Amino acid sequence: MSSRMPPQLISDLAIERVLPVDADFGCEIESDIRDEDGVVVYVNISSHKLKLLFEMVPGMKTNNFVGEIFRAEVLRKRRRPPPEFQWLHKYASGAGSTHNSGSSCPGMDNAVGDSMERGVDGLTIQDESIADTLLGSPEISVPRQSIAKGATPIAAREIVIKYQMAMREQHYTYTQALRVYVGTWNVNGQPPTVGISEWLAQDPDPPDIYAIGFQELDLSKEAFLFNDTPREEEWQEAVLNGLHKKARYHKVALVRLVGMMLLVFVQEQHAAYVRAVATETVGTGIMGKMGNKGGVGVRFELHSTSLCFVNSHLAAHVEEYERRNQDYHDICSRMSFTRFLPPKGINDHDQVYWLGDLNYRITDLDPRLVKDYIDQGNYLPLLEYDQLCQQHSLKNVYAGYQEGNITFRPTYKYDPGSDNWDSSEKNRVPAWCDRVLWKGDGITQVAYRSHPKLRISDHKPVSSLFDSQIRVIDAAKYRKIHEEVMKKLDKLENEFLPQVMVDNTEVIFDTIRYLESQTRDLIIANTGQVPVTFEFIKKLDDSSYCKDWLNIEPYSGFIMPGEKCDIKLEVYVDKKSAFKLNSGEDKLYDILVLHLDGGKDIFITVTGTYERSCFGSSIEALVYISVPVREIPLGRLMELENAKEVTSTQDPYPIPKEIWFLVDHLYRHGLKQPHLFEEPGLNSDLLQIRNWLDNGSPDPMPGSIHSVAEALLLLLESTAEPIIPYNLHSVCLDAANNYVQCKQIVMQLPEHRKNVFLYLCAFLQEVLCHASYNGLDTKIIAALFGTIFLRDPPRSRGDLSSQARMNQQALDRKKVNFVYHFLVNDQSDFILGR
Amino acid sequence: MSAGPYNYSYIFKYIIIGDMGVGKSCLLHQFTEKKFMADCPHTIGVEFGTRIIEVSGQKIKLQIWDTAGQERFRAVTRSYYRGAAGALMVYDITRRSTYNHLSSWLTDTRNLTNPSTVIFLIGNKCDLDAQRDVTYEEAKQFADENGLMFVEASAKTGENVEEAFLETAKKIYQSIQDGRLDLNAAESGVQHKPSQPGRNTLVNDQQVNKDTCAC
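The model shown is predicted, which means the values in this text are computed figures rather than measured ones.

Trainee: Report on the overall build of chain B, specifying residues and quantitative values.
Mentor: Of regular secondary structure, chain B possesses seven helices and seven strands. What you see in chain B, going N to C, is helices and strands ordered as β-α-β-β-α-β-α-α-β-α-β-α-β-α. Expressed as a percentage of the 215 residues in chain B, the buried residues total 53%. Of the contacts formed within chain B by residues at least 6 apart in sequence, a portion of 73% connects residues at least 24 apart. On chain B, roughly 9,100 Å² of surface is accessible, and the fraction owed to carbon and sulfur atoms is 47%.

Right, here's the structure in full:
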């Protein structure tokens, strides 16, 4: 199959055969638990008469393989009409014969899975109609994914339990010898005019099981054509009267085809343990199927042993032994108990008893000589010429069956009513037509005889007694072992849950500062036996799986057993989260829920200390802080942030000193700076400026002009609310074209915000006075500061539809207009008005 | 082939709750593995266990969520109450504080589960009778007053562990039979799955999974 084992490359594999996934395709999983640590999955694949058993190690590849097959089957069942698989013809010649059915490939493991998988893939590509269905039906991915989860399919579990119970059968069963009586009689169409207990009940002890077969019950045309005869009832009655009187019997089944009838009884004490009774008939007579010849069968299970009784009447005439062989083979192949899935044949039973008028004769001997031997009681020479003995030893018929020594006179053919050999013109040679054979373990023949005193037919009845070992289930032991198996599977199922180890469930960050990111690594190791799909999931009522100052990369993933995944946790406090941390609305504390698909959840606690900063502090709080932010006591900032009316012994600044520092610096050093506010600052500068503002320093403000400009913008952007509060946002936009209205709104702003607004506008006017140096344009500044003064309320930017984008552009224009008024008009009356 | 006698027809979701260190994980382990876990680490998260049991001839798959008991996780573990058919509320008979907190656990359970959720109170560590800090009678009275089922159990010896899980299932099954528990309700904590032989069952099972995995 492959040039290298185990295969490394695709070239190590070859296409052994290609199986169409059609109506005759079947796939079943069996799981066989060898021992505590090794679990092997068996997959039975059948196609027409070919049966393949694949042994695989559970894992991704197996899951994929089985998933693909089930998917293909689901598709196949949905399709009408059935696919033709014409493309398969080109493989038909090279695909080899199918004689090696049931070939087991132990050790090929994934290799087989791989090559087969490609086979199935190839199928989906080459059959266009299937490919269409593939694209068209979204559900089909479901089975595959579920299997890939490593969840134990319940169907597999059921099979495992059955298998496990079968493995332990000897632990919960014991054998009990039961007496089985098997009788056969060709009654030559006669009614039961005599009692038949001489045949059925001549032994001292009653048998446990009776199987009584008749042939030529009724030779009338009606019986042949309509399969209806009064004889059935008559002979059944005769049998019931003839059964052993020392026991009471329960009828298991009666089956009849024209003249062949089989009755099975068990002693009443066994009746409760008879299960799964089924009967079947096979006609091999005229046209090869009529019921004048053939066989009838009864199968059932007694305790834990399956039994099958077959009564047959094979082709007549001395020279027709090959027809008889053929009839036997036809009965074997066609007798199928179809109420079972898969149907059970004769050979699928622990014990088979075959009785009937098999019609084999004694050939090539002078009839007189035959009769002489018989008279001498010397049967051995005759048996050498018995066709059944000959054919049986050649294994042409009843291969695997046994027959006991024949020590009784031939049972055919007598003048009815006598013990005389056939005196008709035909003067037939006597023969042992009526026989009993058996197959299976634990069967001992105790008697094999004929009953010559019954003379109504041209045949004598024959009977055989057996001591047969029947496996009986010890109910208590069975329950106990069943319990153990269930427990073991429960245990296994729990072991097969996804398992991981996380190297740290308490992730602690150092002091976190504004705009300064910090990362910690986390290792998730798959310590279980199945692939793990993990994901950090949302907690109840949360909108995201983690706080907005935290980033998890990757936040979901897939880990093979024995492998691991590195997760990077990054904390980064920016303008979106800083104000919440300053105000105490949020803390650097989060519990992450790491969820394993189909398994447990692990909580990972993330903590850190946030160092408060003027960035993210509100204007209202900052004006009351006369010292650097970090010098005020812990808690004072929160108090200021959360207070509605600030009570303070000292008068507030008109505007926050931090804004003044930044603006003053720009006023002194940056008015002529080209592209002021347009070029970004350096991150390292920003961190220094942050420290300078938060800690206070006698040194001059660090950083480039552009960095200072960006720090100013960031300071304004990091507040919980923009300068124009959200509640006035839409009012301002509506008024954007009317300077007077805009002014009125600004007049109504809270005092410190109004101050900051006017202070900044005045500064910006100054900046624009130096446009010849810095190259700035009123529109640009208005646009920049419009988005800052009139920051959009949260969530309004989420909508990315074109309609929303259009709206956004219109809104942005209004913001520009609003700010524009204050950049081109003289504001001195405002300032004086204060 | 008879129709899948080993299939389960129901899935019941259980949660195990209670203070840290009362032995919730050990009870789960004892129930699923029949073993006592001597050095059980604190549960950091929610452990998951399953076992198939039989009630009135019906195979029932128990899906058991064992929650972290630490107070700091309380807010998070509340997410797991939803859709539980059974809640095993555990305290430690040798630590009175764990008993005193029961009313708070009960409040959470009542608030976050259905009226039909069966709550079973377990006084764990009954093997340590010498160190007993909560009398049986007192806890029994608490259980009666609040309409809870109650046993004292030992995850160490296994005493009453099986009983607690099974009695809870019986009660839930009764509720289904009586019609008090509506299987169609989204958060009943019970899934019904008619048994079918062969591979159909596999498909069915996956559909069940699919339906419930939308959380």
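Having seen the structure, we can now continue with the description.
Trainee: Requested: an account of the overall build of chain A, with residues and values cited.
Mentor: Counting its secondary structure elements, chain A contains 29 helices and 26 strands. Of all 834 residues assigned to chain A, the portion counted as buried reaches 51%. The contacts of chain A with a sequence gap of at least 6 include a subset with a gap of at least 24, amounting to 72%.

Trainee: Explain the pairing of strand β26 (residues 601–610) of chain A residue by residue, including any values.
Mentor: Residue and element names in this part refer to chain A. A large share of β26 lies buried, amounting to seven of its ten residues. Pairing of strand β19 (residues 506–512) with β26, which is carried by five bridges, proceeds in the parallel orientation. Along β26, the bridge assignment pairs Val507 with Val606. Bridge count between strand β25 (residues 589–596) and β26: seven bridges; the pairing is antiparallel. Following the sheet pairing, Val593 is matched in β26 by Phe603. Hairpin remark: β25 followed by β26, antiparallel, with four residues in the connecting loop; positive phi at Gly598, about 80 degrees.

Trainee: Can you explain the state of the cysteines? Please cite residues and give values.
Mentor: Residues and elements named next belong to chain A. Throughout the structure, instances matching the rule amount to zero disulfides over all chains. Cysteine Cys332 shares no disulfide, and the gap to the nearest cysteine sulfur, in Cys308, comes to 9.5 Å. The exposure class assigned to Cys332 is buried, which follows from its relative accessible area of 19%.

Trainee: Any chance you could break down the confidence of the model for chain A for me, citing the residues and the numbers?
Mentor: Residue and element names in this part refer to chain A. Here chain A shows a mean pLDDT of 83. Residues at 70 or above account for 82%. Low pLDDT (under 50) marks residues 31–38, which in the prediction has 19 contacts with non-local residues, meaning those over four places away or in another chain. Note on residues 93–153: pLDDT is under 50 here. Beyond four places in sequence and across chains, it has 97 contacts.

Trainee: Tell me about the packing of aromatic side chains, residues and numbers included.
Mentor: Each aromatic ring pair is characterised by the separation of its centres together with the angle its planes make. Residue and element names in this part refer to chain A. This model, assessed by the stated rule, comprises 43 aromatic pairs over all chains. Geometrically, the ring pair formed by Trp354 and Tyr398 is edge-to-face, given 5.1 Å between the ring centres and 90 degrees between the ring planes. In this pair, Trp354 sits in strand β14 (residues 351–357) while Tyr398 sits in the loop between α15 (387–393) and β15 (434–440), placing the two residues 44 residues apart along the sequence. As far as burial versus exposure is concerned, Trp354 and Tyr398 are alike and both buried. With centroids separated by 4.7 Å and ring planes inclined at 10 degrees, the aromatic side chains of Tyr545 and Tyr555 adopt a geometry described as stacked. Placement of Tyr545 in the loop between β21 (532–537) and β22 (550–553) and of Tyr555 in the loop between β22 and β23 (556–559) is noted, with a sequence separation of ten residues between them. Classification of Tyr545 by relative accessible area gives buried; the value is 18%. Here Tyr555 falls in the partly exposed class, since its relative accessible area comes to 35%.

Trainee: I'd love a proper account of the confidence of the model for chain B, names of residues and values included.
Mentor: Residue and element names in this part refer to chain B. Per-residue confidence for chain B averages 84 on the pLDDT scale, and 86% of its residues sit at or above 70. Taken together, the stretch residues 1–6 has pLDDT below 50 and engages in 15 contacts with residues farther than four places along the chain or on a different chain. Confidence over residues 195–215 falls short of pLDDT 50; this stretch has 35 contacts with residues more than four positions distant or in other chains. At the level of chain-chain contacts, confidence expressed as ipTM amounts to 0.84, with global pTM at 0.61.

Trainee: How would you summarise helix α4 (residues 102–112) of chain B if you had to cite specific residues and measurements?
Mentor: Residues that lie three or four places apart on an α-helix share one face, since the helix turns once every 3.6 residues. All names here are of chain B. Buried residues of α4: Leu102, Trp105, Leu106, Asp108 and Thr109, and no others. Projection of α4 onto a plane perpendicular to its axis shows the buried side chains occupying an angular sector of 160 degrees, all on one side. In this structure, the buried side of α4 is in contact with β1 (10–18), α2 (74–77), β4 (86–92), α3 (96–100), β5 (118–124) and α5 (136–145).

Trainee: Describe the packing of helix α25 (residues 751–769) of chain A against helix α27 (residues 778–789) of chain A, and please don't skip the residues or the numbers.
Mentor: Residues and elements named next belong to chain A. Close contact between α25 and α27 brings their axes to 11 Å; oriented N to C, the two are set at 160 degrees. Here α27 runs roughly antiparallel to α25, going by the angle between their axes. Here α25 and α27 pass one another in a crossing that is right-handed. Between α25 and α27, the contacting residues are Phe757, Leu760, Cys761, Leu764 and Leu768 on the first element and Thr778, Ile781, Phe785 and Phe789 on the second.

Trainee: Report on a nonpolar patch on the surface, specifying residues and quantitative values.
Mentor: Residue and element names in this part refer to chain A. Where nonpolar side chains cluster on the molecular surface, the patch consists of Ile286, Met287 and Met290 and spans about 310 Å² of accessible area. Checked against the element boundaries, Met290 lands in the loop between β9 (274–283) and β10 (294–302). Given a relative accessible area of 31%, Met290 falls into the partly exposed group.

Trainee: A description of the nonpolar core should follow, citing residues and the corresponding values.
Mentor: All names here are of chain A. Residues Leu569, Phe677, Phe757 and Phe818 are the most contacted members of the largest nonpolar core, which totals 101 residues. Two domains each provide a minimum of three residues to this core, namely domain 3 (500–611) and domain 4 (653–794 + 802–831). Among all residues touching Phe677, those that are not within four sequence positions of it are Leu666, Ala709, Leu712, Leu713, Phe763, Leu764, Ile781, Leu784 and Phe785. In this structure, Leu178, Ile209, Leu262 and Leu307 belong to the second largest nonpolar core, which totals 42 residues.

Trainee: Requested: an account of the sheet that holds β15 of chain A, with residues and values cited.
Mentor: Residues and elements named next belong to chain A. One open sheet accounts for five strands, arranged β9-β10-β11-β14-β15; its pairing is mixed. Two strands close off the open sheet at either side, each with one partner strand: β9 and β15. Adjacent strand axes in the sheet meet at a mean angle of 10 degrees, parallel and antiparallel pairs treated alike. Two elements, β14 and β15, share seven bridges in a ladder whose sense is antiparallel. The residue of β15 that forms the bridge with Val352 is Lys439. Relative to the sheet, helix α12 (residues 321–334) contacts β9, β10, β11 (305–313) and β14, its axis offset from that of β9 by approximately 135 degrees.

Rules and cut-offs
- Residues numbered from 1 in each chain as written.
- Chains lettered and ligands numbered in written order.
- Predicted model: local features only at pLDDT ≥ 70, side-chain atom pairs only at ≥ 80, totals over all residues.
- Heavy atoms only, no water.
- Helix = DSSP H or I, 4+ residues; strand = E, 2+ residues; numbered from the N terminus.
- Buried < 20%, exposed > 50% of the residue type's maximum accessible area, 1.4 Å probe, protein only.
- Contact = heavy atoms within 4.5 Å.
- Areas by Shrake-Rupley, 256 points an atom, 1.4 Å probe, with all protein chains shown as cover.
- Pairing = 2+ DSSP bridges.
- Disulfide = S-S within 2.5 Å.
- pLDDT = per-residue confidence, 0-100.
- Phe/Tyr/Trp six-rings, centres within 6.5 Å; stacked < 30°, edge-to-face > 60°.
- Arc of directions from axis to C-beta.
- Axes fitted to C-alpha atoms, helices over the stretch in contact; angles between N-to-C directions.
- Parallel < 35°, antiparallel > 145°, perpendicular 65-115°, else oblique.
- Left-handed = near helix turned anticlockwise from the far one by under 90°.
- Patch = residues over 30% accessible without salt bridge, like charges linked within 9 Å, V, L, I, M, F, W, Y side chains within 5 Å.
- Salt bridge = Lys/Arg side-chain N within 4 Å of Asp/Glu carboxyl O.
- Core = buried A, V, L, I, M, F, W, Y, C linked by side-chain atoms within 4.5 Å.
- Domains from an automatic or database assignment.

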